[in-house]
Amino acid sequence: MISDEAWAVIGPLFPNVKSTGQPPVDRRTVVEATARRFRTGAPWRDVPERFGNWNTIYKNFNRWSEQGVWARVLERTQSLAQQSGDLDWVASIDSTIVRVHQHGATLPRTTGGDIELQEVRRRAT
């Protein structure tokens, strides 16, 4: 899944393996399992067994998230893509997919005046 070229860039960003405790889990396998989990949208428990124990994968993902490892990986890959001209920062946001939060939908509207638009239209007719 992850090419050797890509792993050469992001691999050093992950914490070193501790010399004590349980046998270490291969960092690359955990990253591939995490990528597959987010690509498919499956729950952690549904990560294929070939990647190892799902709970170990989740714990590593969570620990690295708290340590800011994933943020560093994102920064590094974005930086390299920007340098090579492969990154396009253009974004398109369509109101059909960007919704207001349910609590924001019931807030009072400020129209800038005492008269609501429907009242203005009634007077015009």
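Worth saying up front: this structure is predicted, and the values here are computed from it rather than measured.

A. Looking closely at the confidence of the model for the chain. Averaged over every residue, the pLDDT of the chain is 84; residues scoring 70 or more account for 80%. Least confident of the elements in the chain is helix H5 (residues 117–124), whose mean pLDDT is 57; most confident is helix H3 (residues 54–66), at 95.

B. How the structure looks around the environment of Asn 53. In this fold, Asn 53 is placed in the loop between helix H2 (27–40) and H3. Put simply, Asn 53 and Val 25 are 28 residues apart on the chain and 9.9 Å apart in space, counted from C-alpha to C-alpha. There is a polar contact of 2.9 Å between the side chain of Asn 53 and the backbone nitrogen of Asn 55.

C. Broad picture of the packing of H2 against H3. In contact at an axis separation of 10 Å, H2 and H3 are set at 90° when each is read in the N-to-C sense. Considering their axes alone, H2 and H3 lie roughly perpendicular with respect to each other. Within the contact between the two elements, H2 uses Arg 27, Val 30, Val 31, Ala 33, Thr 34 and Phe 38 and H3 uses Ile 57, Asn 60, Phe 61 and Trp 64. Each residue belonging to the contact of H2 with H3 can be placed in one class, and the counts come to 7 nonpolar, 2 polar and 1 charged.

Conventions and cut-offs
- Residues numbered from 1 in each chain as written.
- Predicted model: local features only at pLDDT ≥ 70, side-chain atom pairs only at ≥ 80, totals over all residues.
- Heavy atoms only, no water.
- pLDDT = per-residue confidence, 0-100.
- Helix = DSSP H or I, 4+ residues; strand = E, 2+ residues; numbered from the N terminus.
- Polar contact = N/O pair within 3.5 Å; in protein donor to acceptor, adjacent residues only side chain to side chain.
- Axes fitted to C-alpha atoms, helices over the stretch in contact; angles between N-to-C directions.
- Parallel < 35°, antiparallel > 145°, perpendicular 65-115°, else oblique.
- Contact = heavy atoms within 4.5 Å.
- Nonpolar A, V, L, I, M, F, W, Y, C, P; charged D, E, K, R; others polar.

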